[in-house]
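What follows is the residue order along each chain.
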Amino acid sequence: MQYDPKELMPLFMDYGEALLASGGEVRRLEDTMDYLAEAYGGIRVDAFAISSLILLTVDFGEGGVHSISRCVPRWNGTDFEKLELLNRLSRTVSRAPLSPQEFRAELDRISQVHTHPVKKILGSGLAAGAFAMFFGGGILEGLLAFFFGLVALVLQFYFAPRMRSRVSFLFVVSLLSGLGIYALGLTPLPVQCDMVVIGVIMLLVPGIAITTAVRDLFIGDTVTGSSRLMESIIGAAAMAAGYMLSMILFAGGVL
Amino acid sequence: MSYVLQLLYATLGSLGFALLFNMPTRHLLPASLGGLLTWGTYLLSAHLGAGLFLANFFAAVIGQLWAEIMARTMKTPATLYYITAFIPLIPGSSLYHTMESAVGGNWTGLRSYGVQTLLVTLGIAAGITLIGGILYFIRKKPRHEPKTSR
């Protein structure tokens, strides 16, 4: 036994947490735990994960049997650059194990990766604009959706750390961006507000989440799949409530 | 709307999400092409008479193949490519309209949008699972040897 398992196990957990937090699948996490632990001399590896919990038990032979678990935040973002770097790290390690210090240093370097703000701004604007036109809006709706995509992004930055649950977060962001968009109906601009709304909705609606949830169900990750499926449905309901409330406020003449 | 415009917007939508998800620059172009490819497959299948489920299924099969090929060529997780490729397919708007109908008490809308969301989701998931299953099956030796503990 070259390295101290007491040092290795928390490292594996940090790796796993980073993988989930950057959008890695539960199945990928379990497989990677196997690779990592085997690379460091694990004889038998039992890894289990759901979207908010990682469990790992490794039998290191002479080094003894070690177990560790980690609760991870439920709100997993997606960061493809981190995901790629983490994947590369696990490949490096399974070819030739790094020392725990090197491994830690690599993880720290990856955690420094952040999306360039210009990339985020351009991305959300482009996605919202493209979908407004994809669903039948014109150039005007596309441009307005581009703008409100940015508004939704700013609202996300502000509210995401301040809200306890995803549901209340989606409700508030939908309500506020909806109020902004339906206010356009009061201006002389010939805007189809619904087209702008659908563009912005595509940014927030858990469409990817519901698709991957059903995929998880199909491949047998039933717990993760069902919880993500319910989260997506409830999240979409919260958004619908937010946008409908903003529409009613305008249509009913309250505002 | 013309097919050309739809394909353009689908590609731009994939590009937008790729940027939003911090896609490394070298993957941006091929990842957006994935969106073009899936929506093209969807349109072609629908044109040839495939229903909602089958059209999404075929599109997902092509999208997943593209993701697996690009993952091997570019040495990166397939996740980067299949998520972006599926952006035009994902039932975001029908999921939203389903819940909108539910919140508004529109039961006809709830049923038709709900079924639409269900079919699209099942179609995509079936496509991913099929390709994933085939690849796992043909990949060299079974990876998990029987585990033995002391």
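About the thresholds
Residues numbered from 1 in each chain as written. Chains lettered and ligands numbered in written order. Predicted model: local features only at pLDDT ≥ 70, side-chain atom pairs only at ≥ 80, totals over all residues. Heavy atoms only, no water. Helix = DSSP H or I, 4+ residues; strand = E, 2+ residues; numbered from the N terminus. Buried < 20%, exposed > 50% of the residue type's maximum accessible area, 1.4 Å probe, protein only. Contact = heavy atoms within 4.5 Å. Salt bridge = Lys/Arg side-chain N within 4 Å of Asp/Glu carboxyl O. Pairing = 2+ DSSP bridges. Phe/Tyr/Trp six-rings, centres within 6.5 Å; stacked < 30°, edge-to-face > 60°. Lys NZ or Arg CZ within 6 Å of the ring centre and 35° of its normal. Axes fitted to C-alpha atoms, helices over the stretch in contact; angles between N-to-C directions. Left-handed = near helix turned anticlockwise from the far one by under 90°. Domains from an automatic or database assignment. Buried area = accessible area lost by both parts, 1.4 Å probe. Nonpolar A, V, L, I, M, F, W, Y, C, P; charged D, E, K, R; others polar. Polar contact = N/O pair within 3.5 Å; in protein donor to acceptor, adjacent residues only side chain to side chain. Patch = residues over 30% accessible without salt bridge, like charges linked within 9 Å, V, L, I, M, F, W, Y side chains within 5 Å. Areas by Shrake-Rupley, 256 points an atom, 1.4 Å probe, with all protein chains shown as cover. Expected span 1.5 Å × (residues − 1). Parallel < 35°, antiparallel > 145°, perpendicular 65-115°, else oblique.

**Q** I tried to follow the overall build of chain B on my own but got confused; where do I start?
**A** In terms of helices and strands, chain B carries six helices and zero strands. Reading the helices (α) and strands (β) of chain B from amino to carboxyl end gives α-α-α-α-α-α. Projecting the C-alpha coordinates of chain B onto the three principal axes gives extents of approximately 60 × 40 × 30 Å. Classification of the 150 residues of chain B by burial places 52% in the buried group. The long-range share in chain B, meaning contacts at least 24 apart out of those at least 6 apart in sequence, stands at 65%.

**Q** Before we go on, may I ask you to explain the pattern of salt bridges in this structure?
**A** Side chains carrying opposite charge are able to pair once their charged atoms draw close together. Taken as a whole and judged by the stated rule, the model has 12 salt bridges over all chains. Measuring nitrogen to oxygen at the nearest pair gives 3.0 Å for the salt bridge that ties R26 of chain B to E84 of chain A. With R26 of chain B in helix α2 (residues 25–47) and E84 of chain A in helix α3 (residues 80–95), this residue pair bridges two chains. Assessed through its relative accessible area of 5%, E84 of chain A is described here as buried. Each of D14, E17, R70 and R104 of chain A takes part in a single network of salt bridges with overlapping partners.

**Q** What exactly am I supposed to notice about the pairing of strand β3 (residues 65–71) of chain A here?
**A** For a regular strand, the rule is simple: side chains alternate between the two faces of the sheet. All names here are of chain A. The pairing of strand β2 (residues 53–59) with β3 spans seven bridges and is classified as antiparallel. Each bridged residue has a counterpart across the sheet, and for T57 the counterpart in β3 is S67. The antiparallel hairpin formed by β2 and β3 contains five residues in its connecting segment, where G61 sits at a positive phi of about 70 degrees.

**Q** Even after reading the chapter, I still don't get the pairing of β2 of chain A, so can you show me in this structure?
**A** All names here are of chain A. By the bridge criterion, seven bridges tie strand β1 (residues 44–50) to β2 in an arrangement that is antiparallel. Bridge pairing links F48 to L55 in β2. Hairpin connection between β1 and β2: a loop of two residues separates the two successive antiparallel strands.

**Q** Even after reading the chapter, I still don't get the packing of aromatic side chains, so can you show me in this structure?
**A** Aromatic ring pairs: the centre-centre distance and the angle between the two ring planes describe each pair. Scanning the model with the defined rule gives 18 aromatic pairs over all chains in all. Ring geometry for Y158 of chain A versus F159 of chain A: centroids 5.0 Å apart, planes at 90 degrees, classification edge-to-face. With relative accessibility at 17%, the residue F159 of chain A sits in the buried group. In textbook terms, an aromatic cluster arises when at least three aromatic residues are bridged by ring pairs, as seen for F80, F131, F134 and F135 of chain A together with F17, F21, W39 and Y42 of chain B. When the ring centre of Y158 of chain A is taken as reference, the NZ or CZ atom of R162 of chain A above it lies at 4.0 Å.

**Q** Sorry, what's going on with the packing of helix α10 (residues 222–251) of chain A against helix α5 (residues 92–104) of chain B here?
**A** Between two packed helices, both the angle of their axes relative to each other and the distance between the axes serve to describe the pair. At a minimum axis separation of 8 Å, α10 of chain A and α5 of chain B run at an interaxial angle of 65 degrees. Between α10 of chain A and α5 of chain B lies a crossing of right-handed hand. Between α10 of chain A, through S232, I233, A236, A237, M239, A240, A241, Y243 and M244 of chain A, and α5 of chain B, the contact on the second element is made entirely by L95, Y96, M99, E100, V103 and G104 of chain B.

**Q** Looking at this structure, how should I read the domain arrangement of chain A?
**A** Note on interface size: it is often stated as the accessible area lost on association of the parts. Residues and elements named next belong to chain A. Considered domain by domain, chain A is made up of domain 1 (5–111) and domain 2 (117–251). The interface of domain 1 with domain 2 comprises 10 residues on the first partner and 14 residues on the second. Between domain 1 and domain 2 lies a buried interface of about 940 Å² when both sides are counted; carbon and sulfur atoms form 47% of it. Taken together, domain 1 and domain 2 are joined by one salt bridge. Note that R27 and D221 form a salt bridge whose closest N and O atoms lie 3.6 Å from each other. Listed by contribution, the elements that provide at least two residues to the side of domain 1 that touches domain 2 are α2 (26–39) and β1. Broken down by class, the residue content of the side of domain 1 that touches domain 2 amounts to four nonpolar, two polar and four charged.

**Q** What am I meant to see in the interface of chain B and chain A here?
**A** Contacts between the two partners involve 54 residues from chain B, matched on the other side by 63 residues from chain A. For the pair chain B and chain A, the interface holds one salt bridge. Where chain B touches chain A, the interface holds 12 residue pairs in polar contact (both at pLDDT 80 or more). Going through the elements one at a time, α1 (3–20), α2, α4 (78–85), α5 and α6 (107–138) of chain B are the ones with two or more residues in the side of chain B that touches chain A.

**Q** What is the right way to look at a nonpolar patch on the surface in this model?
**A** All names here are of chain B. A cluster of nonpolar residues, F53, L54, F58, V115 and L119, forms a patch on the protein surface that exposes about 380 Å² of accessible area. Breaking the nonpolar patch down by element, the ones donating at least two residues are α3 (52–74) and α6. If one sorts the elements of the nonpolar patch by residue count, α3 sits on top with three residues. Position of V115 among the secondary structure elements: in helix α6.

**Q** Whenever I open this one, α1 of chain B confuses me. Can you help?
**A** The periodicity of an α-helix, 3.6 residues per turn, causes residues three or four positions apart to be oriented the same way. The end-to-end C-alpha distance of α1 of chain B is 26 Å, a good match for the 26 Å that 18 residues give at a rise of 1.5 Å each. Residues of α1 of chain B that are buried include every one of Q6, Y9, A10, T11, G13, S14, G16, F17, A18, L19 and L20 of chain B, and no others. Looking at the buried residues of α1 of chain B, the elements they touch are α5 (117–134), α6 (139–159) and α8 (193–204) of chain A together with α2 and α4 of chain B. One or two residues past the end of α1 of chain B sits N22 of chain B, with phi positive at roughly 60 degrees.

**Q** Could you clarify how one ought to interpret helix α1 (residues 5–21) of chain A in this entry?
**A** An ideal rise of 1.5 Å per residue puts 24 Å on 17 residues; α1 of chain A measures up with 24 Å between its terminal C-alpha atoms. When we look at burial in α1 of chain A, the residues that qualify are P5, L8, M9, L11, F12, M13, Y15, G16, L19 and L20 of chain A.

**Q** So what exactly am I meant to see when it comes to the packing of helix α9 (residues 207–218) of chain A against α10 of chain A here?
**A** Residue and element names in this part refer to chain A. Where α9 meets α10, the closest approach of the two axes is 8 Å, and the angle between their N-to-C directions is 155 degrees. Comparing the axis directions of α9 and α10 gives the class roughly antiparallel. The interaxial crossing formed by α9 with α10 has left-handed handedness. Note on element contacts: α10 touches α9 through T222, T224, G225, S226, R228, L229, S232 and I233, opposite A209, I210, A213, V214, D216 and L217.

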